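# Secondary and tertiary structure notes
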Amino acid sequence: KSSKREWKPLEDHSCTDVPWLLLFILFCIGMGFICGFSIATGAAARLLSGYDSYGNICGQKNVKVEGIVNSGLDLTHKKYVFFLDPCNIDLVHQKIKSIALCVSACPRKELKTLADIQKFAETNGSTLCSYELQPSEYTTDPRAAKLCPKYPVPESAPIPFFHRCAPVNISCYAKFAEALITFVSDSSVLHRLISGVMTSKEIIMGLCLLSLVLSMILMVIIRYISRVLVWILTILVILGSLGGTGVLWWLYAKQRISALETQVAKDNLQALLIYAVAATVFTVILFLIMLIMRKRVALTIALFHVAGKVFIHLPLLVFQPFWTFFVLILFWTYWITVLLFLGTTGNPVPNEEGFVEFRIAGPLKYMWWYHVVGLIWISEFILACQQMTVAGAVVTYYFTREKRNLPFTPILASVNRLVCYHLGTVAKGSFIITLVKIPRMILMYIHAQLKGKENACARCMLKACICCLWCLEKCLTYLNQNAYTATAINSTNFCTSAKDAFVILVENALRVAAINTVGDFMLFLGKVLIVCSTGLAGIMLLNYQRDYTIWVLPLIIVCLFAFLVAHCFLSIYEMVVDVLFLCFAIDTKYNDGSPGREFYMDKVLMEFVENSRKSMKEAGQGGGAEGRELKPM
């Protein structure tokens, strides 16, 4: 049954879920303790200045480690970490399998023999062999084969702020990526892929910028011409998908006729065939979906027009993804920095090879688990703050009868209400998502670790559990967003808001299904348009480099970035539509237009209701299913 409590939009503001805000603050204090502990134990100095295999921090005097030769040295003038074999990566134990030394300068040119290494030490005063060897002994001492770097020594340059000598030759990075991507059997293919990315890096950056510009243009189109947006998107997607598919088949036929002299050209021809077949299948599926959805286009046009008016009155909504992304980048940078601190914190302990490792003893060694939970919870908290801010601004717009009486900046007013009253609600909602996300990530990790070892039944159960948790997470995310809208309307706590929003959504289940289906599909078409446009531009630009560059990986990178950018911008539009729908449902449920119970909705929404009723009556006379879909609130 319907909730008996009356909705009083924006009439009262009170603090919600204060205990959860206190719990979140205590959790953040714990995150700060982890950072402070790692800095206090010297991890920051070891991370920034670097340390050698004997526990000495480069660029300072050190304390002797019991039982370790070459520890406790004065390395004031040796400020850079140099690895004897920097390309020897052990991904299992997540470290470089090489002796690390502190040197006064990185080799800025390739050293091919021990004589070159000896000459570099005598000329620059930077000894690249182990501390027990003098430069005069490099070519005579038999121990030099183990205690000197593997030659030829690649040209190196210091990493800014971190004082590590890193090879500048791309082949070393290719070998590192080859170790990461274990499923690539032909290492030469991977070398060519990575070289293709490096060769096309200017084009990749330009295409990524193009996707950002296209997303901004699409938001402007949504804002000003929302009535024709659906038809424009439909026509452009049809033309774009047909054009992209045709160009791919044309390029494939053109290159197949020409002589293929290099391996790079053959790889590009095979990639073109795969792309052309995939584009053809995608185009056919897209056309079938659009054929099924064509009858619901009129409803979508009305919804998009109302949301477009919101963006006209609240232009700062367009920039909301920028601020959220900026805050997330700041937090992720802090989190990664502290994670690196944790990797170098602890007490020096000799390992089985006679070198020094830093390990944490006791319960403190589980701090990184706390740190991982912090990554998920605080990231979800930041995203939830964006949802609450958008919901508060749209609610202010909807439930203000005279639009000229809107606050000067409804977004800032919404942020102010969030900070003053509703941070606890956001903390609770984000914690619920965290509780679902952590088990799913653990199961995914177990599934990855047991790949190829578990039986078919166990693999099926793991995948089923992961899928169920993913579905639960998506449902809770949608319910949370509507709960934040109810909180913004009535200033109720999270549980009450979630219950009230759930009642409204259940009462309008068919309408919710129609709006989400049509609205999400049209926004998906917008994402497809941006990805297709960026991908088509990438194909035309990279086609000029086909004889000496493999552009499979650059094109994938560009298309993924274009999709992420389009998703960030259009998700705000989707959020506005969802908030408007809940406000509209509440308005029609508790108001009927009579004196004292006037509607809050503007004329466009009133026309939307009337058109829906007329369509329902006309379709009802014909006994069609479309009439049931357009049933009024």
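These numbers come from a predicted model, not from an experiment. (Residues numbered from 1 in each chain as written. Predicted model: local features only at pLDDT ≥ 70, side-chain atom pairs only at ≥ 80, totals over all residues. Heavy atoms only, no water.)

Attention now moves to the overall build of the protein chain. Each helix and strand in the protein chain was counted, giving 19 helices and eight strands. A total of 633 residues make up the protein chain; the buried ones form 46% of that total. By element, 67% of the accessible surface of the protein chain is carried by carbon and sulfur atoms, the whole surface being about 32600 Å². (Helix = DSSP H or I, 4+ residues; strand = E, 2+ residues; numbered from the N terminus. Buried < 20%, exposed > 50% of the residue type's maximum accessible area, 1.4 Å probe, protein only. Areas by Shrake-Rupley, 256 points an atom, 1.4 Å probe, with all protein chains shown as cover.)

As a further point, take the state of the cysteines. As enumerated under the stated definition, the model contains three disulfides in all. Between Cys58 and Cys102 runs a disulfide, and the two sulfur atoms are separated by 1.9 Å. Across the S-S bond linking Cys58 and Cys102, the dihedral sits near -80°, which makes this disulfide left-handed. Here Cys58, found in the loop between α2 (43-49) and β1 (80-83), pairs with Cys102, found in strand β4 (residues 100-103); they are 44 residues apart in sequence, far enough to count as distant. Each of the two residues, Cys58 as well as Cys102, counts as buried. Between the sulfur atoms of Cys106 and its disulfide mate Cys165 the distance is 1.9 Å. Between Cys106 and Cys165 the disulfide shows an S-S torsion of about -80°. By sign, it is left-handed. Of the two residues, Cys106 is situated in the loop between β4 and α3 (114-124) and Cys165 in strand β6 (residues 165-167); the sequence distance between them amounts to 59 residues. According to the relative accessible area criterion, Cys106 is buried, its value standing at 6%. (Disulfide = S-S within 2.5 Å.)

Further remarks concern the environment of Thr280. Assignment of secondary structure puts Thr280 in helix α9 (residues 263-293). Of the residues examined, Thr280 reaches a relative accessible area of 28% and is grouped as partly exposed. Once the C-alpha coordinates of Thr280 and Leu248 are considered, the two residues, 32 residues apart in sequence, prove to be 9.5 Å apart. Here the side chain of Thr280 touches Ala276 through a polar contact of 2.8 Å, landing on its backbone oxygen. (Polar contact = N/O pair within 3.5 Å; in protein donor to acceptor, adjacent residues only side chain to side chain.)

Judged from the four bridges that link them, strand β7 (residues 347-350) and strand β8 (residues 356-359) form a sheet pairing that is antiparallel. Among the inter-strand pairings, Pro348 is bridged to a residue of β8, identified as Phe358. (Pairing = 2+ DSSP bridges.)

It is worth spelling out helix α12 (residues 367-398) at this point. Here α12 is 32 residues long and its end C-alpha atoms lie 46 Å apart, about the 46 Å a rise of 1.5 Å per residue gives. Taken across its 32 residues, α12 has 25 buried, putting it largely inside the fold. (Expected span 1.5 Å × (residues − 1).)

Under the criterion given, the structure shown has 15 aromatic pairs. Between Phe319 and Phe322, the ring centres sit 6.3 Å apart and the planes meet at 35°, which makes this aromatic pair tilted. A relative accessible area of 36% means that Phe319 is categorised as partly exposed. A ring pair is formed by Tyr484 and Phe494, whose centres lie 6.3 Å apart and whose planes are at 55°; its orientation type is tilted. Of this pair, Tyr484 sits in helix α14 (residues 456-490) while Phe494 is found in helix α15 (residues 494-507), placing the two residues 10 residues apart along the sequence. For Tyr484, a relative accessible area of 1% gives the class buried. You can call Phe494 buried: its relative accessible area is 5%. Here the aromatic residues Trp20, Phe24, Phe27, Tyr370, Trp377, Phe381 and Phe431 are joined through ring pairs into a cluster of three or more. (Phe/Tyr/Trp six-rings, centres within 6.5 Å; stacked < 30°, edge-to-face > 60°.)

Attention now goes to the pattern of salt bridges. Side-chain pairing between opposite charges can occur once the charged atoms of the two side chains come close. Enumeration according to the criterion identifies five salt bridges in this entry. Across the pair Arg440 and Glu473 runs a salt bridge whose closest N-O atoms are separated by 3.0 Å. With Arg440 in helix α13 (residues 410-449) and Glu473 in helix α14, this pair connects stretches of sequence that are 33 residues apart. For the pair Arg440 and Glu473, one class covers both residues: buried. Here the salt bridges share partners, and the residues they tie into one network are Glu380, Lys437, Arg440 and Glu473. (Salt bridge = Lys/Arg side-chain N within 4 Å of Asp/Glu carboxyl O.)

If you look at the biggest cluster of nonpolar residues, it comprises 59 residues, and the most contacted ones within it are Val310, Phe311, Leu317, Val394, Tyr398, Val576 and Leu580. Of all the secondary-structure elements, those providing two or more residues to this core are α7 (201-224), α9, α10 (297-313), α12, α14, α15, α16 (509-542) and α17 (552-590). At 19 residues, α17 tops the list of elements feeding residues into this core. When residues no more than four places from it in sequence are discounted, the contact partners of Val310 are Leu317, Val394, Tyr397, Val576 and Leu580. Ile68, Phe120, Cys148 and Cys165 belong to the second largest nonpolar core, which has 33 residues in total. (Core = buried A, V, L, I, M, F, W, Y, C linked by side-chain atoms within 4.5 Å. Contact = heavy atoms within 4.5 Å.)

Let us now look at α3. For α3, the set of buried residues is Leu114, Ile117, Gln118, Phe120 and Ala121. With its buried residues spanning 160° around the axis, α3 presents them on a single face. Summarising the geometry of α3, the exposed residues directed more than 90 degrees from the buried face are Lys119, Glu122 and Thr123. On its buried face, α3 sits against α4 (144-147). With its phi angle positive at about 70°, Gly125 sits one or two positions after the end of α3. (Arc of directions from axis to C-beta.)

The next point concerns the packing of helix α11 (residues 320-344) against α12. Interhelical geometry of α11 versus α12 gives an angle of 170° and a closest axis separation of 11 Å. On the basis of their axis angle, the class for α11 and α12 is roughly antiparallel. Residues of the contact of α11 with α12, tallied by class, amount to 17 nonpolar, seven polar and no charged. (Axes fitted to C-alpha atoms, helices over the stretch in contact; angles between N-to-C directions. Parallel < 35°, antiparallel > 145°, perpendicular 65-115°, else oblique. Nonpolar A, V, L, I, M, F, W, Y, C, P; charged D, E, K, R; others polar.)

Another point: the pairing of β8. Of the two faces of β8, only one is covered, namely that formed by Val356 and Phe358; the face formed by Glu357 and Arg359 stays uncovered. The hairpin formed by β7 and β8 contains five residues between the paired strands, and Gly354 there has a positive phi angle of roughly 90°.

For the rest of this paragraph, the subject is a nonpolar patch on the surface. On the surface, Tyr366, Trp368, Trp369, Ile442, Tyr445, Ile446 and Leu450 cluster together to form a nonpolar patch covering roughly 730 Å² of accessible area. Within the residue set of the nonpolar patch, elements represented by two or more residues are α12 and α13. The element that contributes the greatest number of residues to the nonpolar patch is α13, accounting for three residues. Following the sequence through the fold, Leu450 ends up in the loop between α13 and α14. When its relative accessible area of 35% is taken as the criterion, Leu450 is described as partly exposed. (Patch = residues over 30% accessible without salt bridge, like charges linked within 9 Å, V, L, I, M, F, W, Y side chains within 5 Å.)

This part takes up the confidence of the model for the protein chain. Close reading of the predicted structure is inappropriate where its pLDDT is low. On average, residues of the protein chain score 78 in pLDDT, and 79% of them are at 70 or above. Contacts for the low-pLDDT stretch residues 176-190, under 50 throughout, to residues beyond four places or in other chains number 12 contacts. In this model residues 622-633 is a low-confidence stretch, pLDDT under 50, and it forms 22 contacts with partners more than four residues away in sequence or in other chains. (pLDDT = per-residue confidence, 0-100.)

Within the chain, Asp17 stands out as a residue other than glycine whose phi angle is a positive 55°. Tracing the backbone shows Asp17 in the segment before α1 (18-40). Looking at Asp17, the relative accessible area reads 12%, which means it is buried. Non-glycine residue Ser491 carries a positive phi angle of around 55°.

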